[in-house]
Amino acid sequence: METLKVEKFSTVGRGNGLRALTPLRAGELLYRSDPLAYTVCKGSRGVVCDCCLLGKEKLLRCSQCQVAKYCSAKCQKEAWPDHKRECRCLKGCRPRYPPDSVRLLGRVVFKFMEEKPTESEKLYTFYDLESNINKLTEDKKEGLRQLAMTFQHFMKEEMQDASQLPPAFDIFEAFAKVSITFYIFTSTVICNSFTICNAEMQEVGVGLYPSMSLLNHSCDPNCSIVFNGPHLLLRAVRDIEVGEELTICYLDMLMTSEERKKQLRDQYCFDCDCVRCRTQDKDADMLAGNEQVWREVQESLKKIEELKVQCKWEEVLAMCQTVLCSNSGLLPDINIYQLKVLDHAMDACINLGLWEKALFYGLRTLEPYRVFFPGSHPVRGVQVMKVGKLQLHQGMFPEARKNLRVAFDIMKVTHGREHSLIDDLLLLLEECEANIRAS
């Protein structure tokens, strides 16, 4: 049994938190956790396996509900204990599909009905989680009531009324704990639910990890979370002293201080007063260039992101190119809205097999990523790895080696040597070195 390196404690003015029990080194694995419950998110349904969350071209469909899909018979068998009761619920609500939070909470209820202790609640239980009901607006409370009604309809195949729920289980309060909103770029915790991201930091699922919900927010965190399938890994990204609080960033790092403060207030019901927010750190870089132009780009991003969710890659690329051409010379690449357009353009090119164009856009993101994701950050590590991989496949071996080494130095801290993505990265480096020797 692993010795615990962290403990729960009460913070001043911030509720509960986690702190270090021993001195911790950058890159050290502090905690690993399986989820109490998890599910594939709407955007990845039918694209990734419902068990391991890995993508595969052909997936096996559950013959009963016709909703859950698996990459192999092994995964299907492994998933059956968690799927067997929700299977009837999914079948009963066809052709409609429940919101992610409804399916997730259904899995939580079925888990509790088994009455088995779970490792995910070792430091903190589902019932301990904060709901912040007293801080919610009436509009948000009404939204939760609607979810509760949807939940009852979804569960009708397995339970006829609330008396069949686990003891002390309140549906409304439970939804206040697990309501889900998604953010891009990193694995983020939203009202105690974590967005589960794949190796390339794309959201594939949502899960509940109660012990990890103790982690408080910082705009300059000392820890980061990555996932290996549904398994959560918490690592230190810098040296941490005994007794020091462990923090993660709840938000997309590509946000101004004002945007961060508003999001934290609206979503988490607290005001951030950190040094970065007080000094408006990096805001000038984020909003560099002509204000009228970047506001127009900000609006265009809504449509681009909508098209991206629908995987309309030709349209995504066309719109990105139009935006980038129209603001050429008016916005620097470090402007966060320009940077997001470059990111979407690169992703579109990768999906369309346009490798040279993908590299062109990817190279333009590297310096802004260095500025906005300083130190060891998993998002920058993955971005640099993508660019290095594109360079390798286009025969730019010295350039590829340089970027892949940078990616490795970051990801050995954020992901750890045992992560599957590190294996992929080392194979790319070996291929690069072999080509350099041969030439």
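Above this text sits the structure in question.
The following paragraphs examine the structure supplied in this document. (Residues numbered from 1 in each chain as written. Predicted model: local features only at pLDDT ≥ 70, side-chain atom pairs only at ≥ 80, totals over all residues. Heavy atoms only, no water.)

In this section: the overall build of the protein chain. Scanning the protein chain from terminus to terminus reveals 14 helices and 13 strands. Here the C-alpha atoms of the protein chain give a radius of gyration of 22 Å, agreeing with the 22 Å that 2.2 N^0.38 yields for 439 residues. The 439 residues of the protein chain split such that 53% are buried. Contacts spanning at least 24 positions in sequence make up 65% of the contacts within the protein chain whose residues lie at least 6 apart. Accessible surface, the protein chain: about 20,600 Å² in total, of which carbon and sulfur atoms supply 51%. Treating the 58 positive side-chain charges of the protein chain as one cloud and the 60 negative ones as another, the clouds have centres 3 Å apart. (Helix = DSSP H or I, 4+ residues; strand = E, 2+ residues; numbered from the N terminus. Rg over C-alpha atoms; globule rule 2.2 N^0.38 Å. Buried < 20%, exposed > 50% of the residue type's maximum accessible area, 1.4 Å probe, protein only. Contact = heavy atoms within 4.5 Å. Areas by Shrake-Rupley, 256 points an atom, 1.4 Å probe, with all protein chains shown as cover. Lys, Arg positive; Asp, Glu negative; His and termini not counted. Charge placed at Lys NZ, Arg CZ, Asp CG, Glu CD.)

Before going further, it helps to examine the sheet that holds strand 3 (residues 29-33). One open sheet holds the three strands; their spatial order is 3-12-11, and the pairing between them is antiparallel. Pairing within the sheet leaves two strands with one partner each, and these edge strands are strand 3 and strand 11 (223-228). Recorded for the sheet is a direction-independent mean angle of 20° between the axes of neighbouring strands. The sheet contact formed by strand 3 and strand 12 (residues 231-236) spans four bridges and is antiparallel. Residue Arg-32 lies in a different strand from strand 12, and its bridge partner there is Leu-233. (Pairing = 2+ DSSP bridges. Axes fitted to C-alpha atoms, helices over the stretch in contact; angles between N-to-C directions.)

What follows covers helix 1 (residues 73-92). With 20 residues, helix 1 extends only 24 Å from end C-alpha to end C-alpha; this falls clearly short of the ideal 28 Å at 1.5 Å per step. Of all the bends in helix 1, the largest measures some 65° and sits at Trp-80, one to four residues before the proline Pro-81. Taken residue by residue, helix 1 has Cys-75, Ala-79, His-83, Glu-86, Cys-87, Cys-89 and Leu-90 as its buried positions. (Expected span 1.5 Å × (residues − 1). Bend = angle between axes of the 7 residues up to and from the residue.)

This next bit is on helix 13 (residues 397-414). With 18 residues, helix 13 ought to run about 26 Å at 1.5 Å a step, and its terminal C-alpha atoms sit 25 Å apart, in line with that. Every buried residue belonging to helix 13 is among Phe-397, Ala-400, Asn-403, Leu-404, Ala-407, Phe-408, Ile-410, Met-411, Val-413 and Thr-414, and all of these are buried. Turning to helix 13, the residues buried within the fold contact strand 11, strand 12, helix 11 (355-372), helix 12 (378-393) and helix 14 (420-438). At the C-terminal side of helix 13, Gly-416 shows a positive phi close to 85°.

Another point: the state of the cysteines. One pass over the structure, following the stated rule, counts zero disulfides. Between Cys-311, a cysteine without a disulfide, and Cys-41, which holds the nearest cysteine sulfur, the sulfur-to-sulfur distance is 12 Å. (Disulfide = S-S within 2.5 Å.)

The biggest cluster of nonpolar side chains holds 137 residues, and the ones touching the most others in it are Phe-126, Phe-175, Leu-234 and Leu-246. The greatest single-element share of this core, amounting to nine residues, is contributed by helix 10 (residues 336-352). (Core = buried A, V, L, I, M, F, W, Y, C linked by side-chain atoms within 4.5 Å.)

The buried fraction of strand 8 (residues 193-197) is high, at five of five residues. Of the two faces of strand 8, the one lined by Ser-193, Thr-195 and Cys-197 and the one lined by Phe-194 and Ile-196 are each fully buried. Where strand 8 folds back on strand 9 (residues 203-208), the antiparallel hairpin that results is connected by five residues, among which Met-201 adopts a positive phi of roughly 65°.

Of note, Gly-289 is situated in the loop between helix 7 (283-286) and helix 8 (291-309). With a relative accessible area of 44%, Gly-289 lands in the partly exposed category. Between the alpha carbons of Gly-289 and Gln-338 there is a distance of 9.9 Å; along the sequence they are 49 residues apart.

This part takes up the pairing of strand 12. Within a regular beta strand, the side chains point alternately toward one face of the sheet and then the other, so they alternate between its two faces. Within strand 12, five of the six residues are buried, leaving the element largely enclosed by the surrounding structure. Pairing of strand 11 with strand 12 involves six bridges; the strand directions are antiparallel. The residue of strand 12 that forms the bridge with Ser-224 is Arg-235. Here strand 11 hands over to strand 12 after two residues, with Gly-229 in that stretch at a positive phi of 65°.

Looking at where Arg-276 falls in the secondary structure, it is placed in helix 6 (residues 275-279). Engagement of the side chain of Arg-276 in a polar contact is seen with the side chain of Asp-281, the distance being 2.9 Å. Setting aside its immediate chain neighbours within four residues, Arg-276 contacts Cys-219, Asp-220, Met-253, Ser-257, Arg-260, Asp-281, Lys-282 and Met-286. (Polar contact = N/O pair within 3.5 Å; in protein donor to acceptor, adjacent residues only side chain to side chain.)

By convention here, two paired aromatic rings are described through the distance between centres and the angle between planes. All told, the structure shown has twelve aromatic pairs when counted by the stated rule. Relative to Phe-270, the ring of Tyr-268 lies with its centre 6.4 Å away and its plane at 45°, an arrangement referred to as tilted. Residue classification places Phe-270 among the partly exposed positions, given a relative accessible area of 27%. Following the ring pairs from residue to residue traces out a cluster consisting of Phe-112, Phe-126, Tyr-127 and Phe-169. Over the ring of Tyr-97 we find Arg-45; its NZ or CZ atom is 3.5 Å from the centre of that ring. The ring of Phe-126 has Lys-177 sitting right over it, with the charged end atom 5.1 Å from the ring centre. (Phe/Tyr/Trp six-rings, centres within 6.5 Å; stacked < 30°, edge-to-face > 60°. Lys NZ or Arg CZ within 6 Å of the ring centre and 35° of its normal.)

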